[in-house]
Amino acid sequence: MRVAALALPGNHPLPRTSLVDAGIYRDGRRTTTPSSLAQTYRSLREQPGAMAWIGLYRPDAGELESLADEFDLHELAVEDAIQAHQRPKLERYGHTLFVVLRAARYRDADEEVEFGELHLFIGPDFVITVRHSEAPNLSAVRSRLEGEPELLATGPEAVLYAVLDSVVDGYGPVLAGLENDVDEIETEVFTGHPAVSRRIYELSREVVDLQRATHPLAGILASLTAGFTKYRVDEELQRHLRDVADHVTSVNERIDALRAALRDILTVNATLVAERQNEEMKALSEASMAQNDEVKKISAWAAILFAPTLVGTVYGMNFDDIPELHWTYGYPFALCLMVLVSVVLHAVFRRRDWI
């Protein structure tokens, strides 16, 4: 990737360039590999009927303005390419198509989806690709087309098809990773994993972001198909484009299924959480009731033991005029009174299930 400044003798670096690769193609075969935008312009002018394919990585405003002047690109499309952060779309400015795509790749280490933005300018004799991220790998797309000169010879539309095909194919591993995450979450939900709710939310956000990247593609491909028919683009290329449209439909169906599965998982998780909370509340209530029963038993036995203690305490006081103190049967009477009170209390507490 030639994105760093080159050094000249005397330690004077060349201006920074975002040019990754540039090629001039005739009849599907590369004839020239310019090393700068200026050389690309010159080579294309020198070869009537040829096509230029220019690949850029995070270009600055000056480079895009140079391309706009050379290929008559619309200022609104150039502004979008500079600012990035656009939703997938297709716009036509005269004889130039401007396409925005969002590629995606799944990072296994972080279990996250990384999105990248790609802009394409498609003209009668040129293709300009502007990447703002590492994905997709357009070098592989270029190598593939250069290995199929018959397809590349059909013109800039072949490059657009190949890029679309690469982006859509890239969604496959992403969906596989997300589907694996959903399977793991289903297991975590039923095992009561404490962090599963957060993971469901984060995965739902990633699925929504992926849906925003893929759903507009159906409309883009429908418009391209209509345009290819209108402008009588090669029939074989039209078949390839319809195949990409079929893949997009499959991708969107899988995404819809993922969203439905996550909604169901979220509902099941909420139900299980509520059940666990109810079980915890029930256990706490049972523990509280058991504690109350124990308190009742302790209180009942304390009352039973307190009655004879009270009687004994009264008759243990050092006074001569206590009733029945000098009576012959006073002591047995006090003992019988203690036993009687204890028996009565025991019977009362037993009837109330305190003992």
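Every value quoted in this text rests on a predicted model; they were computed, and no experiment measured them. (Residues numbered from 1 in each chain as written. Predicted model: local features only at pLDDT ≥ 70, side-chain atom pairs only at ≥ 80, totals over all residues. Heavy atoms only, no water.)

So, the nonpolar core
- If you look at the biggest cluster of nonpolar residues, it comprises 58 residues, and the most contacted ones within it are Leu-101, Val-163, Leu-178, Leu-210 and Leu-224.
- Among the elements of the structure, strand S5 (51-57), strand S7 (96-107), strand S8 (112-122), helix H4 (138-146), helix H5 (149-152), helix H6 (156-191), helix H7 (196-230) and helix H8 (235-315) are those that each provide at least two residues to this core.
- The biggest single contributor to this core is H6, with 16 residues.
- Once residues lying within four places of it in the same chain are set aside, the contact partners of Leu-101 are Gly-116, Glu-117, Leu-118, Leu-120, Val-163, Leu-164, Val-167 and Leu-217.
- In terms of nonpolar packing, the next biggest core, distinct from the first, is built from 24 residues, Ile-24, Ala-52, Leu-56 and Leu-67 among them. (Core = buried A, V, L, I, M, F, W, Y, C linked by side-chain atoms within 4.5 Å. Buried < 20%, exposed > 50% of the residue type's maximum accessible area, 1.4 Å probe, protein only. Helix = DSSP H or I, 4+ residues; strand = E, 2+ residues; numbered from the N terminus. Contact = heavy atoms within 4.5 Å.)

So, the environment of Gly-177
- By secondary structure assignment, the location of Gly-177 is in helix H6.
- In sequence terms Gly-177 and Arg-107 are 70 residues apart; their C-alpha atoms lie 8.6 Å from each other.

Observations concerning the environment of Leu-262
- You can see Leu-262 is positioned in helix H8.
- Separated by 76 residues in the primary sequence, Leu-262 and Glu-186 place their C-alpha atoms 9.2 Å from one another.
- Setting aside chain neighbours within four positions, we find Leu-262 in contact with Val-182, Ile-200, Leu-203, Ser-204 and Val-207.

Side note on unusual backbone geometry
- Positive phi values are uncommon outside glycine, yet Asp-27 reaches one of about 55°.
- Residue position: Asp-27 is located in the loop between strand S3 (19-26) and strand S4 (29-32).
- Residues other than glycine seldom take positive phi values, yet Arg-58 does so here, at roughly 50°.
- Tracing the chain through its elements places Arg-58 in the loop between S5 and helix H2 (61-71).
- What makes Arg-58 partly exposed here is its relative accessible area of 44%.

Let's talk about the pairing of S7
- Of all 12 residues making up S7, 9 are buried, and the element is well covered by its neighbours.
- The turn joining strand S6 (residues 89-93) and S7, which pair antiparallel and follow one another in sequence, is formed by 2 residues; a positive phi near 65° is taken by Gly-94.
- As defined by bridge partners, S7 adjoins S8 across 11 bridges and the pair is classed as antiparallel. The residue of S8 that forms the bridge with Arg-102 is Glu-117.
- What sits between the antiparallel neighbours S7 and S8 is a turn of 4 residues, in which Glu-111 has the positive phi angle 55°. (Pairing = 2+ DSSP bridges.)

So, the packing of helix H1 (residues 37-46) against H2
- Between H1 and H2, whose axes approach to 11 Å, the crossing angle comes to 15°. It follows that H1 is roughly parallel to H2 by the angle criterion. The crossing of H1 and H2 is right-handed. Contacts between H1 and H2 involve Leu-37, Tyr-41, Leu-44 and Arg-45 from the former and Glu-63, Ser-66, Leu-67, Glu-70 and Phe-71 from the latter.
- When grouped by side-chain class, the residues that make up the contact of H1 with H2 number 5 nonpolar, 1 polar and 3 charged. (Axes fitted to C-alpha atoms, helices over the stretch in contact; angles between N-to-C directions. Parallel < 35°, antiparallel > 145°, perpendicular 65-115°, else oblique. Left-handed = near helix turned anticlockwise from the far one by under 90°. Nonpolar A, V, L, I, M, F, W, Y, C, P; charged D, E, K, R; others polar.)

Section: a nonpolar patch on the surface
- Nonpolar side chains collect at one region of the surface, where Leu-340, Val-344 and Val-348 lie side by side and expose about 250 Å² of accessible area between them.
- By the element assignment, Val-348 lies in helix H9 (residues 330-351).
- Assessed through its relative accessible area of 38%, Val-348 is described here as partly exposed. (Patch = residues over 30% accessible without salt bridge, like charges linked within 9 Å, V, L, I, M, F, W, Y side chains within 5 Å. Areas by Shrake-Rupley, 256 points an atom, 1.4 Å probe, with all protein chains shown as cover. Salt bridge = Lys/Arg side-chain N within 4 Å of Asp/Glu carboxyl O.)

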